[in-house]
Every structure is written in C-alpha cells, then in structure tokens.
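# Residue-level structure breakdown
Each chain, letter by letter, is given below.
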Amino acid sequence: MKRERQKRSASPSQRIKMHILGSAGDVSGSLFYFEYSPPEGKVIRFLLEVGLHQEHEEINRQKRLPKGVDAKDINFVIISHAHIDHSGWLPALVKDGFRGSVYTHPATKDLLDFLLLDSGRLQENAADRVNRFIARRQKKAQASGKKSRRIPMSVPLYTPEDVPLCFPLFKSINYNQLYNIADGIQLRFTEAGHILGAAVVTLTIGKGDEAKTVCFTGNVGRAAPPMLKPLVPVKHADYVITESTYGNKLHQKRDRLSTLAEYINNAYARAKQKDRATGCGVIVIPAFAVDRVPTVLHDVQTLAAQGRIPNLATFLDSRMAIAGAAVYRKYPALFQDDVRQQLEKGLDPFAPARYLECVKPEQTNALYENQSEPIIIVGSSGMAAGGKILRHLEKRLTQKNSTVIFVGYQGTGALGYDLVNKKPKQVRVHGRVLPVRATIEYMSDYSGHADYEEIIDWLRHFENKPRKTFLVHGDGGALEAFKGHIEKALGWSVVVPQRRQCFEL
Ligand SMILES: [Zn+2]
C-alpha cells in the first residue's frame, strides 16, 4: 500500500509547467508561460502577461516563447493591467498568429484601446528614425564615391494598423468573481490598487486534490492609494509570484496632499512676480498619462476646494491623458467613496474649478504665450522624455518665476531624471541648450507601487505558507533584499528566478 502511494505521487497524473520569460531580474517585459497537461485530453498552453520589454527592446524581436511553442499554439492570454510592460507585446503575438481569448478587466481593455495604438505609433516612429539614419548614411557614402554595405531597412515590431486585430479577442473579467476559462482552469481577479482595472490574478489549475493555486500580484499599489480601492487580501495559494519594484526601499511616510499644497503655494508666490519680458510664472506638472494625471488633478481640485491653495486655472495638455481621464470617469465603482460619489452625482472629480482640456491646437498654443496670471499645466510624458510637455518645458525652464513639479519615477537618461537628480545649470530640449532658471521639485508620494513592508503586510493574509514564492519585476538589488525581508518576516521559501527558467508546479 505504502509503495503504491509512493508510486502514485512519483508519477502524478497531471503536469503544470511554468516558464519565466520576462521581468526576471529587471522590471520590464512581464511574460509567463504555463502548460497544463491534464490526466486526459488536450494540453492547455497560456500566457500570463504579454509585456513589451522597454529596457532591452531587442528582446521583443527574439523568440520569446519556449522552444517548440508558437503564437498559434497559445490557447489564451491573461493581462493583469494596462501598462505596456505588461500588455504591449500582444499585437506582436497576434501578428504572429495568436487568435485565442485575452482575459482582462474591462477598464484595462478600455485603456488598451488607445495605449496599444500609441505603442504601435512609437514602434513605427522608432523604425522611421532608424531608416532615415540609414538613408542619410548611404546618401553620404554615394556622394563621396565610397562603396557602402547595404543595410536592411528596419521594420516596426507592429504598427497602429496591426492593433485593431487584438480588440475582438478581449473577454471581460470583473473583480471578485470566479470564471471557468478552460477545462480545469479557474480565474479570479481582485483589486490591486495600482491603476484603474489592475488585478491580482489568482489561477487554479487542475482538478480535485491535484489542483494548484497560483497567485500573481501583477503590480500592486500603496496600502492607502489616493483614489482607487486598495489592494484586496488573498488567503490561499500554493505558489505566489510577487512584484518587487520596491523590494529594497520604503516610501517616505508623509502627507501627500500637504506636500503638494506646500509646493504649489511656494510656486504660486514665485509665479505672481511678473517678469516684464515673460509675464507671470507657470507651474508645470509632467505626469504619466494613465492614473498619475487624474490623481494629480483630483488633488488640485481637493486642495483648491478646501482653500489650501489658490483657485488656479489648470490646463491638461496631453491627448493620451485626456483619453485616460475619460476611461477613469466610466468606472465609479472602482474608486473610494469620495470620488465614487462625485462620479455618481455627475460631477467630475478630475476637473478643478477652472479647468480646460486642450483638444485644439490654438488652446495649446495659448499656453506658450506670456501669462497674465499664474497657471498650472499638466501633461505627459511624466519623465519629460517626449510628448507635448517638452514644449512647455522649453518655454518655462528658462523662467525664474516658473516651477516644475515631477510626480513620478524618473528613469536614467530622461530629461526629468537629469533635472531632478543632477540639478543642471543648463539642459538640451529639442536640440536647444537652455539655461535652467525655474525651480525643480520632486514628489515620490504618487508612486503606484507598494514598498516591501506594504507587500509583506499583504502576504501575511495568506493562511498557509505557499510552497514557493517567486520574486519578479525588480532589479537585482531589490530582488535579493526583498528575498531576505520575506524570509525573515514570514519564514517562506523564496526563489529569485532567472529569465527562461522553468518550474514544475
Ligand atoms: Zn504597472
């Protein structure tokens, strides 16, 4: 009998394999491949996340799926949230022949409607830039009579024309409901508090005693997010896969609204000092188009309504952020009470009293003019790495009475990173060298990621120790530190997987 039991456990009748294909050792290109071989019937292959690698773009063109597996072999895809490093490889997968379902929250689908198109435009622009460079070099070589090697033209990974093929594949998954998405596979989303529609993904794979539960955090927000409902506890999982962005850092514990009020009031005092040549100062807030912009606008509205800052004219000048805010207005139930009630009453929680969304070129152009009163301009990109915000910075960085408030993560190489960290006397914007006379402020208080203490507090809700906990979506230092923190606080078995590592669950 004993031997028989041993024999049975040594050769299980089902097999589950998980391949870590992205966000391993770094924070980009989330991609996990699962293969479920039931005791009888067909093997089910699916992807959890289809992220575009934004740090090492060449990876997006490599063979990312496991050996012998093609896009057309994938039965379905699950996407935790709309950020491109979790979703932006989908059009490439569809271009390669994937035709299965894409399970995600309806708000994520609405955000992806414009985010994927924008990603397609960026891919196209990048290829155009390379091709113009190649053409210039070849023309130069021809003119000088030198023989030049023919360099193949760059082809975009995908274009905006490829993106609409993805949309009919989407299937809605709402929070806190159990879905049977395939024979032997159940899926549940719970709130992650990261961006609108973001989900912690809990999957049960297999049937009966052999079923295994995998809980994947996607990206999880702060313990007390500014507007969205907070991260919901999960109580059971055999395996946990958790993000580790702040695995070695703790957020500053200060009041976000008071800090923003202080920065805006100081900026206002400077901006009132009218310069004869350039007029009043301007408060420029570069912010990520999705989530950060509506959060900042809501804070400005709240502070002005409470009389804690002056009632300043506020302009949103970003096509993407305007589209993002419109999606945020569609989902009152996903917010905490104050924002939800405003939306249900038909009020706009993202529109300060004197607010304009710039949808016409003349509205944007008016912002480049000298101002007769201090104003706030909110725009993208959040790191001032591109977008319309650059033209506003080109004008305002040189003004002593203007202020730039950065409200998000600044990646190395971006203009925002240099302004915040290097405090340069001059910078280059659109090819022009400009003196930096404006005041530069930085707030990390708007981070959309929980720090390691906040994630560990969430992990404490699991009633039993998972068999294994995998750490992903963090850089090397964050992953190793987070491993130590979890082992010490919870005594769990923690693994930091390598890219392309495969695990049998
Ligand atoms: Zn994210």
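From a predicted model like this one, the values you see are computed outputs, not experimental measurements.

### Observations concerning the overall build of the chain
Scanning the chain from N- to C-terminus turns up 13 helices and 22 strands. In terms of C-alpha radius of gyration, the chain reaches 25 Å, essentially the compact-globule figure of 23 Å for 505 residues. Each principal axis of the C-alpha atoms in the chain carries an extent, and together these give about 95 × 70 × 40 Å. For the chain, restricting intrachain contacts to residue pairs at least 6 apart in sequence, the fraction spanning at least 24 positions comes to 74%. Accessible surface, the chain as shown: approximately 23100 Å² in total, 49% of it carbon and sulfur.

### Things to note about the sheet that holds strand β16 (residues 403-406)
Reading across the sheet, the six strands line up as β14-β13-β15-β12-β16-β19 and stay open at both edges, with parallel pairing between neighbours. Whereas interior strands pair on both sides, the edge strands pair on one side only; in this sheet they are β14 (355-357) and β19 (439-442). Averaged over neighbouring strand pairs, the angle between their axes works out to 20 degrees when direction is ignored. In this sheet, strand β15 (residues 375-379) lies alongside strand β12 (residues 282-286) in parallel orientation, the contact comprising five bridges. Bridge pairing in β15 places I285 opposite V378.

### A closer look at the coordination of the zinc ion
Any two of four tetrahedral donors ideally make an angle of 109.5 degrees at the metal, while pairs among six octahedral donors ideally make 90 or 180 degrees. Taken together, the protein ligands of the zinc ion are H81 (NE2), H83 (ND1), H194 (NE2) and N219 (OD1), with distances of 2.2 to 2.4 Å. Every donor residue of the zinc ion comes from the same chain, spaced as H-x1-H-x110-H-x24-N. Using a relative accessible area of 25% as the deciding quantity, one classes H83 as partly exposed.

### Here's the deal with a positive patch on the surface
A cluster of basic residues, R129, R132, R136 and K140, forms a positive patch at the surface. Looking at where R132 falls in the secondary structure, it is placed in helix α4 (residues 106-143).

Rules behind the numbers
Residues numbered from 1 in each chain as written. Predicted model: local features only at pLDDT ≥ 70, side-chain atom pairs only at ≥ 80, totals over all residues. Heavy atoms only, no water. Helix = DSSP H or I, 4+ residues; strand = E, 2+ residues; numbered from the N terminus. Rg over C-alpha atoms; globule rule 2.2 N^0.38 Å. Contact = heavy atoms within 4.5 Å. Areas by Shrake-Rupley, 256 points an atom, 1.4 Å probe, with all protein chains shown as cover. Pairing = 2+ DSSP bridges. Axes fitted to C-alpha atoms, helices over the stretch in contact; angles between N-to-C directions. Donors = N, O, S within 2.8 Å, 3.2 Å for Na, K, Ca; no water. Buried < 20%, exposed > 50% of the residue type's maximum accessible area, 1.4 Å probe, protein only. Patch = residues over 30% accessible without salt bridge, like charges linked within 9 Å, V, L, I, M, F, W, Y side chains within 5 Å. Salt bridge = Lys/Arg side-chain N within 4 Å of Asp/Glu carboxyl O. Lys, Arg positive; Asp, Glu negative; His and termini not counted. Charge placed at Lys NZ, Arg CZ, Asp CG, Glu CD.

Keep in mind these numbers describe shape, not what the thing actually does.
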